[in-house]
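Structure at a glance
One letter stands for each residue in the lines below.
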Amino acid sequence: DAGVIQSPRHEVTEMGQEVTLRCKPISGHNSLFWYRQTMMRGLELLIYFNNNVPIDDSGMPEDRFSAKMPNASFSTLKIQPSEPRDSAVYFCASRIGQGNTEAFFGQGTRLTVV
Amino acid sequence: QQPVQSPQAVILREGEDAVINCSSSKALYSVHWYRQKHGEAPVFLMILLKGGEQKGHDKISASFNEKKQQSSLYLTASQLSYSGTYFCGALSGGGADGLTFGKGTHLIIQP
C-alpha cells in the first residue's frame with residue numbers, strides 16, 4: 001500500500017485566497033484525522049471522521065475552515081479566506097477502527113500564506 | 001484538551017537515559033506514543049491500553065497509570081537515531097474520541 005497520500009506537498013498562497021488540501025487514506029481504514037502542526041501549538045487535532053461522518057470538529061479554529069469526506073477514499077480541508085496565521089504543516093492520518101489501533105500519517109502539506 | 005508533556009526539550013549524550021512524561025486532565029482510554037524526525041511525518045512507537053500496562057521493544061519502553069491519567073516513555077542507553085520530537089497521544093471517551101496529542105518533547109542526542 002502507498003500509505004496516506006496528501007496533496008499538494010507545498011502550497012504558497014496569498015492572503016484572502018481559498019486553499020484546498022487533499023487526503024487519500026489507506027484503503028480499508030475507516031477513521032480519518034486532520035491535524036495542524038506549528039511550533040507554538042504542536043500537533044492540534046482539527047477534525048475527526050469515522051466511516052465518512054464527522055465525529056468531532058471542535059478543533060476547527062473558525063468558520064474559515066471546513067472539511068469534507070465524500071467517500072471512504074478521499075477527504076478535503078478547505079480554508080477560505082486564508083490568513084498568514086494559517087501557515088503551518090497540515091497532516092492527515094488514518095486508521096482502522098477505534099482506540100487501540102495505530103494511526104498512519106501522510107507526509108503533510110506545508111502551507112504558507114503571504 | 002491536549003495532554004501535557006514534560007520536559008519540553010532534552011539534550012543527552014549518546015548512551016544516557018531519558019524519561020518523557022505525559023498527563024491528561026481527562027480519563028484516558030489509551031495512550032499512544034509517536035516520534036517525528038525533522039521534516040517527516042510522525043511515526044508510531046506503541047499503544048498502551050490498560051492501567052498499569054508497560055510495553056517496550058529494544059531500549060524504548062513506556063508505562064501507563066490509568067488512575068493517575070499519566071504515561072511515561074523511557075529511553076535507555078540512547079542512540080543517535082533516537083533524536084526527534086516525541087508526542088504523546090491521548091484517547092478518551094472509551095476510545096470513541098479523536099486522538100489528541102501533546103505539544104511534544106524535543107530530544108537531541110549528541111555523540
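Predicted model, so just to flag it, every value in this text is computed and none were measured.

**Side note on the overall build of chain B**
Counting its secondary structure elements, chain B contains 0 helices and 11 strands. Its helices and strands taken in sequence order, chain B reads β-β-β-β-β-β-β-β-β-β-β from the N to the C terminus. For 111 residues, the compact-globule estimate of 2.2 N^0.38 gives 13 Å, and the C-alpha radius of gyration of chain B, at 13 Å, lies within 12% of that figure. Its C-alpha atoms give chain B principal-axis dimensions of roughly 40 × 30 × 20 Å. Considering chain B as a whole, with its 111 residues, one finds that 47% of them fall into the buried category. Averaging the locations of the 10 positively and 8 negatively charged side chains of chain B gives two centres separated by 5 Å.

**Focus on the overall build of chain A**
Each helix and strand in chain A was counted, giving 0 helices and 11 strands. What you see in chain A, going N to C, is helices and strands ordered as β-β-β-β-β-β-β-β-β-β-β. Over its C-alpha trace chain A gives a radius of gyration of 13 Å, about what one expects of a compact globule, namely 13 Å for 114 residues. With respect to the three principal axes, the spread of C-alpha positions in chain A is 40 × 30 × 30 Å. Of all 114 residues assigned to chain A, the portion counted as buried reaches 46%. Here the analysis covers contacts within chain A between residues at least 6 apart in sequence; of these, 54% occur between residues at least 24 apart. Approximately 5,500 Å² of chain A is accessible, and the part contributed by carbon and sulfur atoms is 50%. The positive charge centre, built from 11 side chains, and the negative charge centre, built from 12, are 3 Å apart in chain A.

**Things to note about the environment of Gly 59 of chain A**
All names here are of chain A. Secondary-structure assignment places Gly 59 in the loop between strand 6 (53-56) and strand 7 (65-71). With relative accessibility at 26%, the residue Gly 59 sits in the partly exposed group. In the structure, Gly 59 is positioned 13 residues away from Leu 46 in sequence and 4.1 Å away in space, judged by C-alpha atoms. Apart from the residues lying within four places of it in its own chain, the contact partners of Gly 59 are Leu 45 and Leu 46.

**A few points about the layout of surface pockets**
Reported here for the largest pocket is a volume of approximately 510 Å³. Around the largest pocket, the lining is made up of 23 residues, and of these Gln 37 and Arg 110 of chain A together with Gln 36, His 38 and Gly 39 of chain B lie nearest the centre. Sorting the residues of the lining of the largest pocket by element identifies strand 4 (31-38), strand 9 (88-95) and strand 11 (109-113) of chain A together with strand 9 (84-91) of chain B as the ones contributing at least two each. By residue class, the composition of the lining of the largest pocket is 5 nonpolar, 13 polar and 5 charged.

Thresholds, definitions, all that
- Residues numbered from 1 in each chain as written.
- Chains lettered and ligands numbered in written order.
- Predicted model: local features only at pLDDT ≥ 70, side-chain atom pairs only at ≥ 80, totals over all residues.
- Heavy atoms only, no water.
- Helix = DSSP H or I, 4+ residues; strand = E, 2+ residues; numbered from the N terminus.
- Rg over C-alpha atoms; globule rule 2.2 N^0.38 Å.
- Buried < 20%, exposed > 50% of the residue type's maximum accessible area, 1.4 Å probe, protein only.
- Lys, Arg positive; Asp, Glu negative; His and termini not counted.
- Charge placed at Lys NZ, Arg CZ, Asp CG, Glu CD.
- Contact = heavy atoms within 4.5 Å.
- Areas by Shrake-Rupley, 256 points an atom, 1.4 Å probe, with all protein chains shown as cover.
- 1 Å grid on protein atoms, 1.4 Å probe; cavity = no way out; pocket = protein on both sides within 12 Å on 5 of 7 lines; lining within 4 Å.
- Points joined across faces, edges and corners; volume = space filled by probe spheres on them.
- Nonpolar A, V, L, I, M, F, W, Y, C, P; charged D, E, K, R; others polar.

Note that all results are geometric; they support no functional claim without further evidence.
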